[in-house]
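Coordinate analysis (summary)
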Amino acid sequence: MNTAARAPVVRAKPKAAKGIATYLRRYWTLYLLLALPLAYFAIFKYTPIANILIAFKQYNMTKSVWHMQWAKNNGWEFFIKAFSNRDFLYALRNTITLNMLDLVVGFPAPILLALLLNELPFKAFKRVTQTVAYMPHFLSWIIISQLALQLFAPTNGLVNMALRNLGFGTIPFLNDSAHWVWTYVFLGIWQSVGWNTIIYLAAITGINPELYEAASVDGAGRFRKIFHVTLPGLKPTIVVLLILSLGRILGSDFDRPYALTNKIVNDVSNVIATFVYTSGIKSMQFSLATAVGLFQSVVCVIFLLGANTIAERLGERGLM
Amino acid sequence: MKKFLALFLAVMMTATLFSFAASAETADSALLAEAGLEVGPDGAYRFIETRKITVEIFDRGLDNGKTSAYDNKWTQWIHDSVLAKHNIDVEYQPVDRWTEVDQLNNLLAAGDAPDVCVTYDYSTIQNYAKMGGVTDLAEYVDKYASVLPSLWGWLGESNIYWDKDPATGSIWALEAKLAVNTRINTFVRQDWLEKLGIAEPTTLEEFEAMLRSFKDNAELLLGDEADKMVPFSLSQDVGWRDDHLAAAFIPETITDKDIYVYGFDDRHLMFPGYKEAVRKLNEWYNEGLIWPDFALYGDGDTTEDNMFKAGYVGSMIHNWDLPYRDGDNGITGNLHKLVGPDANYVAVTAFQNEAGLYRKFLSAPIDRKVFLTGANDEPLASLLYLDFISNADTVKFLQVGEEGKTHKVLEDGTIQNISGQEGSDPEWIQNSLNNIDYTITINGLNLGGDIELTLKSIATGYAGVDAALIAKAYDASLLDGRIGKHVAVGEVEAEVGMSNPLAEKRDVMLCNAIIAKPEDFDNVWDSAWADYLASGAQAIIDGRLAAWEAVYGEATMLP
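Bear in mind that the values here come from a model prediction, so they are computed numbers and not experimental data.

Another aspect to go through is the pairing of strand β6 (residues 174-178) of chain B. Residue and element names in this part refer to chain B. Counted residue by residue, β6 has five buried out of five residues, so it is predominantly covered. Sheet topology places β6 next to strand β15 (residues 442-443); two bridges connect them, and they run parallel. By the bridge assignment for β15, L178 is matched with N443.

The tendency in soluble globular proteins is for nonpolar side chains to be buried as a group. Within the largest apolar cluster, 124 residues are counted, with the highest numbers of intra-cluster contacts made by A:V292 and B:I514. Residue contributions to this core peak at eight residues, all from helix α20 (residues 499-515) of chain B. The residues touching B:I514, leaving out its near neighbours within four places in the chain, are B:V238, B:V278, B:L281, B:N282 and B:Y285. In terms of nonpolar packing, the next biggest core, distinct from the first, is built from 59 residues, B:F58, B:V90, B:L104 and B:L386 among them.

We now examine the sheet that holds strand β10 (residues 345-348) of chain B. Residue and element names in this part refer to chain B. On the basis of which strands lie adjacent, the open sheet formed by four strands has the order β8-β9-β7-β10 and mixed pairing. Edge positions in the sheet fall to β8 (230-233) and β10, since each of these pairs with one other strand and no more. For this sheet, the mean angle separating the axes of adjacent strands, direction not counted, is 25°. Inspection of the sheet shows β8 paired to strand β9 (residues 313-319) by three bridges, in the parallel sense. Looking at β9, one finds that V230 is bridged to V313. The strands touched by helix α8 (residues 204-216) are β8 and β9; relative to β8, the strand with the most contacts, the crossing angle is about 135°.

A separate point is the domain arrangement of chain A. Per the domain assignment, the segments of chain A are domain 1 (1-56) and domain 2 (81-313). If you average the C-alpha positions of domain 1 of chain A and of domain 2 of chain A, the two centres end up 33 Å apart.

Next up on the list: helix α18 (residues 451-459) of chain B. Every buried residue of α18(B) is listed here: B:T454, B:K456, B:S457, B:I458 and B:A459. Buried residues in α18(B) make contact with β14 (415-417) and α19 (467-478) of chain B.

Residues and elements named next belong to chain B. Positive phi, normally seen in glycine, also occurs at H268, with a value near 70°. In the Ramachandran plot, D326 falls in the positive-phi region, its phi being about 65° despite a non-glycine side chain. Among the structural elements, D326 can be located in the loop between β9 and α15 (331-338).

So, on to the domain arrangement of chain B. Residue and element names in this part refer to chain B. Taken domain by domain, chain B comprises domain 1 (34-181 + 365-448) and domain 2 (184-362 + 485-552). On a C-alpha basis, the centres of domain 1 and domain 2 stand 33 Å from each other. Taken together, the contact between domain 1 and domain 2 spans ten residues of the former and ten residues of the latter. For the side of domain 1 that touches domain 2, the residue count by class is three nonpolar, six polar and one charged.

Cut-offs applied
Residues numbered from 1 in each chain as written. Chains lettered and ligands numbered in written order. Predicted model: local features only at pLDDT ≥ 70, side-chain atom pairs only at ≥ 80, totals over all residues. Buried ≥ 20, exposed ≤ 12 C-beta atoms within 10 Å, placed from the backbone. Helix = DSSP H or I, 4+ residues; strand = E, 2+ residues; numbered from the N terminus. Pairing = 2+ DSSP bridges. Core = buried A, V, L, I, M, F, W, Y, C linked by C-beta atoms within 7 Å. Contact = placed C-beta atoms within 7 Å. Axes fitted to C-alpha atoms, helices over the stretch in contact; angles between N-to-C directions. Domains from an automatic or database assignment. Nonpolar A, V, L, I, M, F, W, Y, C, P; charged D, E, K, R; others polar.

Given below as structure tokens:
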């Protein structure tokens, strides 16, 4: 990281080919390091792009993608099929709902936590809390879903058993559609909040301490300092992360809804990723799966660009 | 005179034998030469040059003392025997049993699938056949019939031609034969019945009364753990777990045509009368007779299994022998340890249909589907391998093994399977029940046609379980069963790719209908049903109806 940051400072003046050669000789290790990630993107991200064509063709495993037959309706057969499929429309609705909730409730959560942690005077406590808070990030959703069952199942779940014994009755955390949505959102926050906080804490560290001193001299209290120093300092980071989140509004995790769902709440838990899995991949409808995936990506890109444009109009730096 | 007669008979017999042998050989010699075969010293057809084939094998993991699925005493025995008999060098390729369809898909798509594949999912085969990824067996099975006596002898025309397309004549797969058609049973805790002084239920009313009695006497039956009481257990796979109950609500007069037309869903969801069976479950649920968390746990979750083992569950409908499996680690084994030696599940027949029969809808006598991949360049060697595997002696050896190593012979001749138990040879452990994973053309114990001996042997094959319980379960599972028939109308276009999404919808619909408030039941069911039909089921019904009428016309019953 440090070497990489220093590199542009040296700035080998490209006077001639000799200059470039010296430059490369000096920094070849950095380019070598870059080679692996580049190869990764070339092999796993760019090469398969040709296979997007499958969305417009009749999938056939024995032929190459160029030789497969075109789908009906000028190649749009599978898009028409998807949009006339009720399950896909439900999945689309659910994807947007769940992601919007995640955005509205989940996006501010790490900012709040970062602000709170930043205000802690007792540094050891802060470090421990921070570590504990980001631990769940390393748990797979399969494990979390099993934990959720152990805790929230109506008869055998620990939380519900405790509630019953205290005389409150059971709460259908997992077996009622409305409750399930909130359980889903809450578990998402619990899993990711600590990890997402790290970026904000790093950004806070980068804020010039003189600003705080100046604010104190002006008589600002803690809240004033948060509102007038910390938050404005965080604004660029928040905007970039918000743009990225908006880009994911139609994208969906597969493992989170797939692991947490059950047959009762299917009407709210079936999202595009799970639809692609059951109706596309598992049923060997590869063209349908690709068509839906392509649609999803295109919409995501539109959202991403839209959010970026708006941010730039509002005077932020944006992504590009 | 006597002497003369004896001599005459002897001469006649020898002559007949020779003429048979001779005719068989002469008729085939051209065929043999073309195929590169010769008649070996033991009379078997063997390749002059060694052929190599790969064969798929289900892998069930290594727990409980199991050995490698593809390299153990059994596979070595098969390998050596096939090499000696037919000069075929077999290599096994393992595929995980529980994700076989997904894994096979990957192998087929990557072109890495073994020469001989086996799967329970015909639609996978059909899909790849359409893309040219499967060998058409039609010409081989007929042309080489004389070389494949055991295969033809065991599967017969019915199973070999089962998947023959009526329009094109192609055969993409051979259907293994189901030797034992047991499917599902209704189980009740025998010791609870005794404690409460209730007789085994024989009607729906008695069964319901029994459930209520379990619930009302939870303290007596479970003591401190009374709140764990589950009178009737279900899982998210409601269609499987309500089978006997549902079958009782289906009209006795249902025709073969309707069974086919409304039979896309293998849980019989679309059969007339099914809704009323679910309404009954809905009543039970709202009365607190059903495990409330049933819909939350996914496939393969062990929560419910642990409740059986801990002794909290009064009754269930499940796989015909489920409580008796796995010896000490199984349900009965645990009940005996945790509750007491009398704690047993007994199979009952409690659900009569309108005609007073304990009707259940059993599978047609087919099982796994064996097919050869398109890249297979040894189709004949592959079929000869299947011939070897279908040979009665091979089957018997694989199913029961050697005495003292995998089985004991009891006084009355019953063959008791002791694989994995004390006194057996751990090297010769059977990784699957009766080595079903190696005998890919048969499912179910088959001791050469002696049905009584077979049944006794099945009944003694469960360690630590009273043989009488098994015998009872066996009978109950088959009682008044209506065996599926073969409807040969070819492929219905509307079915392609629909089995997964519709099965998912079925489960969702059944779970939600059961937990609905009684007054909402009709609403919940009707809207889910309309959605189910609109999502492809209606198109399948129409397609099947047209296909049936095209082949069978006005007929509603099959011979």
